[in-house]
Amino acid sequence: MKRLFPIVLLVLIIFPLADVQAQDDLIILQFTGAVGDEVFSCGTVYEGLGAEETATEFMDFRFYVHDIRLINAGGEEVPVELMQDGVWQVENVALLDFEDGSGRCDVGNQAINATVEGMVPAGEYTGVVFKMGVPFELNHNDTTLAPSPLNLTGMWWNWQTGYKFIRVDMLAGEEDPIPWNIHLGSTGCDSPAAVVPPEDVCSRLNVMEVRLDEFDLENDVIVADLAGLLEDVNLVESDPMPPGCQAGFDDPDCPQLFPNFGLDLETGECLEGDCSGQTLFRVAARENVTIIEDVDVMSDMDMEGHTEDHSQHSN
Amino acid sequence: MRHIVFALIFVFGIMLVIFAGTETRTSAQDPAVTPWEWNLPPGFPESAVPEDNPMTVEKVELGRYLFYDPRLSGNGVLSCSTCHIQGLAFTDGRAVSAGSTGETTPRNSMSLTNVTYNGTFTWAHPALIRIEQQLVIPMFGETPIEMGITGNEEEVLDRLRSDETYQELFAAAYPDQEDPFNFNAIVQAISSFVRTMISGNSAFDRFAFQGQRDAMSESAILGMNLFYSERFECFHCHTGFNFTISTVHSTSAIPERPFFNTGLYNVDGEGGYPAPNRGVYEISGELEDMGAFRPPTLRNVEVTGPYMHDGSMETLEEVVDFYAAAGRNIEEGEFAGDGRENPLKNAFVIGFEATELEKQALIDFLKSLTDDDFLTNPAFSNPFETAEE
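Residues numbered from 1 in each chain as written. Chains lettered and ligands numbered in written order. Predicted model: local features only at pLDDT ≥ 70, side-chain atom pairs only at ≥ 80, totals over all residues.

Draft legend 1. A look at the overall build of chain B. In terms of regular secondary structure, chain B is built from 14 helices and two strands. Against the 2.2 N^0.38 benchmark of 21 Å for 389 residues, chain B shows a C-alpha radius of gyration of 24 Å, consistent with a compact globule. Expressed as lengths along the three principal axes of its C-alpha atoms, the size of chain B is roughly 75 × 60 × 50 Å. Considering chain B as a whole, with its 389 residues, one finds that 51% of them fall into the buried category. A separation of at least 24 residues holds for 68% of the contacts in chain B among residues at least 6 apart in sequence. (Helix = DSSP H or I, 4+ residues; strand = E, 2+ residues; numbered from the N terminus. Rg over C-alpha atoms; globule rule 2.2 N^0.38 Å. Buried ≥ 20, exposed ≤ 12 C-beta atoms within 10 Å, placed from the backbone. Contact = placed C-beta atoms within 7 Å.)

Draft legend 2. Just the overall build of chain A, in detail. In terms of regular secondary structure, chain A is built from four helices and 18 strands. Buried residues in chain A amount to 44% of all 315 residues. By sequence separation, contacts in chain A at least 24 residues apart represent 71% of the contacts at least 6 residues apart.

Draft legend 3. Spotlight on the interface of chain A and chain B. Chain A puts 50 residues into the contact, and the matching count from chain B is 58 residues. Residue assignment for the side of chain A that touches chain B shows that the elements contributing at least two residues are α1 (5-23), β11 (156-158), β14 (178-184) and α4 (300-304) of chain A. Tallied by class, the residues present in the side of chain A that touches chain B amount to 24 nonpolar, 20 polar and six charged. (Nonpolar A, V, L, I, M, F, W, Y, C, P; charged D, E, K, R; others polar.)

Draft legend 4. Layout of the packing of helix α9 (residues 218-227) of chain B against helix α12 (residues 356-367) of chain B. Residue and element names in this part refer to chain B. Look at α9 against α12: their axes get within 7 Å of each other, and the N-to-C directions meet at 95 degrees. Classified by the interaxial angle, the pair formed by α9 and α12 is roughly perpendicular. Of α12, the residues touching α9 (which contributes S219, A220, L222, G223, M224, L226 and F227) are E358, Q360, A361, L362, I363, D364 and F365. In terms of residue class, the contact of α9 with α12 is made up of nine nonpolar, three polar and two charged. (Axes fitted to C-alpha atoms, helices over the stretch in contact; angles between N-to-C directions. Parallel < 35°, antiparallel > 145°, perpendicular 65-115°, else oblique.)

Draft legend 5. Structural context of the packing of helix α2 (residues 57-67) of chain B against helix α7 (residues 183-195) of chain B. Residues and elements named next belong to chain B. Interaxial distance between α2 and α7 falls to 7 Å at its minimum, and their mutual angle equals 95 degrees. Between α2 and α7, the interaxial angle falls into the category roughly perpendicular. Between α2 and α7, the residues in contact are K59, V60, L62, G63, R64, L66 and F67 and I186, Q188, A189, I190, S192 and F193, respectively. Grouping the constituent residues of the contact of α2 with α7 by class yields eight nonpolar, three polar and two charged.

Draft legend 6. Geometry of the nonpolar core. Within the largest apolar cluster, 133 residues are counted, with the highest numbers of intra-cluster contacts made by Y64, V65 and M132 of chain A together with F227 and L362 of chain B. Excluding residues that lie within four positions of it along the chain, V65 of chain A makes contacts with A94, L96, V116, F130, K131 and M132 of chain A. In this structure, Y68, L78, Y174 and V194 of chain B belong to the second largest nonpolar core, which totals 40 residues. (Core = buried A, V, L, I, M, F, W, Y, C linked by C-beta atoms within 7 Å.)

Draft legend 7. Here's a closer look at the pairing of strand β8 (residues 93-97) of chain A. Residue and element names in this part refer to chain A. Along β8, five of the five residues are buried, which leaves the element largely enclosed by surrounding structure. The sheet contact formed by strand β7 (residues 89-90) and β8 spans two bridges and is antiparallel. Among the inter-strand pairings, Q89 is bridged to a residue of β8, identified as A94. Counting the residues between successive antiparallel strands, the hairpin from β7 to β8 contains two residues, one of them, E91, with a positive phi of roughly 50 degrees. (Pairing = 2+ DSSP bridges.)

Draft legend 8. Local environment of α12 of chain B. An ideal rise of 1.5 Å per residue puts 16 Å on twelve residues; α12 of chain B measures up with 16 Å between its terminal C-alpha atoms. Taken together, the buried positions of α12 of chain B are occupied by A361, L362, I363, F365, L366 and K367 of chain B. (Expected span 1.5 Å × (residues − 1).)

Draft legend 9. Structural detail: the confidence of the model for chain A. Model confidence for chain A is summarised by a mean pLDDT of 89, while 87% of its residues fall at 70 or above. For residues 301-311 of chain A, every residue scores under 50 in pLDDT, and the model assigns this stretch nine contacts once sequence neighbours within four places are set aside. (pLDDT = per-residue confidence, 0-100.)

Draft legend 10. Just the environment of A354 of chain B, in detail. Residue and element names in this part refer to chain B. Mapped onto the elements of the fold, A354 is located in the loop between β2 (337-338) and α12. Measuring from C-alpha to C-alpha, the distance between A354 and A324 comes to 7.6 Å, with 30 residues separating the pair along the chain. Setting aside chain neighbours within four positions, we find A354 in contact with A324 and K359.

Draft legend 11. Representation of the environment of V128 of chain A in the model. All names here are of chain A. Here V128 is to be found in strand β10 (residues 125-132). Taking the number of C-beta atoms within 10 Å as the measure of exposure, V128 has 26 and is therefore buried. When the C-alpha positions of V128 and I222 are compared, they lie 9.6 Å apart, and in sequence the two are 94 residues distant.

Draft legend 12. Region of interest: the pairing of strand β4 (residues 54-72) of chain A. All names here are of chain A. Here strand β3 (residues 45-49) runs beside β4; their pairing, made up of three bridges, is antiparallel. Residue pairing across strands places L49 opposite T54, the latter belonging to β4. When β4 meets strand β13 (residues 166-172), the two strands line up antiparallel, connected through seven bridges. Its bridge partner lying in β13, D60 is registered against D169. Here β4 runs beside β10; their pairing, made up of six bridges, is antiparallel. Residue pairing in the sheet places H66 in a bridge with K131 of β10. Taken together, the three bridges between β4 and strand β5 (residues 77-79) define a ladder with antiparallel strand orientation. Bridging from a neighbouring strand, L70 pairs with V78 of β5. Connecting β4 to the next strand, β5, in antiparallel fashion are four residues, including G75 with a positive phi near 85 degrees.

Draft legend 13. Structural detail: the confidence of the model for chain B. Residue and element names in this part refer to chain B. Averaged over all residues, the pLDDT of chain B equals 91, while 91% of them reach at least 70. The low-confidence segment residues 1-29, where pLDDT is below 50, has six contacts with residues more than four positions distant or belonging to other chains. Scored as a complex, the prediction yields pTM 0.85 and ipTM 0.79.

Draft legend 14. Examining unusual backbone geometry more closely. All names here are of chain B. The omega angle of the peptide bond from A275 to P276 is 0 degrees, so this bond is cis rather than trans. Residue position: P276 is located in the loop between α9 and α10 (281-284). Put simply, G305 and P306 share a cis peptide bond, and its omega is -5 degrees. With respect to the secondary-structure elements, P306 resides in the loop between α10 and α11 (316-324).

Draft legend 15. Local environment of the environment of M119 of chain A. Residues and elements named next belong to chain A. Position of M119 relative to the elements: it lies in strand β9 (residues 115-121). We classify M119 as partly exposed; it has 17 C-beta atoms within 10 Å. Each C-alpha atom of the pair M119 and K131 lies 18 Å from the other, and the pair is twelve residues apart in sequence. When residues no more than four places from it in sequence are discounted, the contact partners of M119 are D24, D25, L26 and E81.

Here it is in structure tokens:
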């Protein structure tokens, strides 16, 4: 009997786990970053973007998603419970990060994340719905105290305005390229100063909802396509204050871009109620596109191996 | 067969538990050193301290003596504190610093304010991510000579070894080491001391983190809102509680350690900076890293002038005008060139038009980051002077 004890113990431990596994499936939502038919990368100049077919180099490409749901055969939306991995996902928010810090992506870092992992009840799913951005409840916390990935200061304005939901920095034009940056986030957030979080929900949330009705988890990929986002956007000129569209309701560079998010610049709500006019996200079969591979965060231990040179001074 | 495997797993599990238990007991039973308690200011996260150099009260105390002791330099004339003066937020007030033999470094002494949160160390070196790595450079570096320990190693250690105060301090900090008088122990102690240099009680902190809405003047609040605006764009690089995007702390899972070109120079029309101050390019040799420097914290910036990596700007007014102009146009001399047209310049250095009132407001905001408690905190002061009093 005594010899049976460890087995009984293990069975007791394993059985409840097995039980959960029978009900819930781990799913991986595969994203990728693209510029038209080409895969996204830092340091590449892409031809023919926007209304004036401008050659453009990207310097950043990251965005947050939250409130992810799968659509089952009955048309119901079933929430995906995200794995809390301590790096890319926290609560119901995940960061997609396609820049690797190379080329002119100088605000970024080496790590790449093109996947979202979560649990859903086992079943057949035929579509996916998600929101781009950070929910209001998490949007105005102190970024330095927030858990990863909400502690990236490069993805954050300040307490009042919160996070940049998407950050796409560009150099547009071949000779004398101009900076053209897209930073989407909430506006009309009322508080006494930039360092004070608002008590009431911002008047223009600018959270787009993306509904992809036909999406095969196993075989499809969600393509975030910057050529699509820049459709009919004039990249030759930019009102210099600020360069590109930083989501301001009176930013002269925003009216041409906002419809591509499916958003109404004046209200911060979806145009026609469903943001379906958006041109950033589309579904593609995995076999038809190049999928950006995840790159793990380089640990500090790895970094130390690079201290080789001695021609340096203390400051 | 399966039973045996299960039994083995079970036994192994128990061994793990016992082993882990022993481990915990050993470290918990070491009463000789006192773990450091941080007492962080409101709004500040815990910093990431390397596991191989845990903070102790004893190491911090030893580090404080070493930081202020010129006997640590080869010829006995220079201490860390020569170039890092507390009243100047641990800078030296000079454009560039001078070493123990009079040789100058090419760069401006950096403030040690909140250095425990630095993403990287020095003005432009992506691989220096720990204070311990940086410290050996001023201690042993020969191009230029700073502390000048190289070639004088035994002499320096003997000076410390023969001092009664140090005999006590080293023994207390390293109770497990038979001979703690070695440079690893010295580097660890100084690193521990400078990690305690936390500044978080400025007027801005009282306004932002302590709810004192009268702590900042109206002008400083206006300046703060301009600082965080898409007109002035300051906050893109100088963001977060430490006013630099190059900030790492205990929960930073995706470290941010960027470097930026701000258009200070353009000596060749192609973005060139004068050697040996070409930023990360000096390390990487990659043209895209030309002129790329780490954005330093702006805390206590009122007292850390001259400014920029080479100390080439005297005043905050000059710095604000430089960013308003979207770079620096040097019309003549060996560094002539229009930095405003530097092709490698960061996209947020686009310039801004501002009234004199607004510029003054921005400067008032920057001055609201001055933390007088930090500049006068006895815990960071010279222990030799305290002892004499």
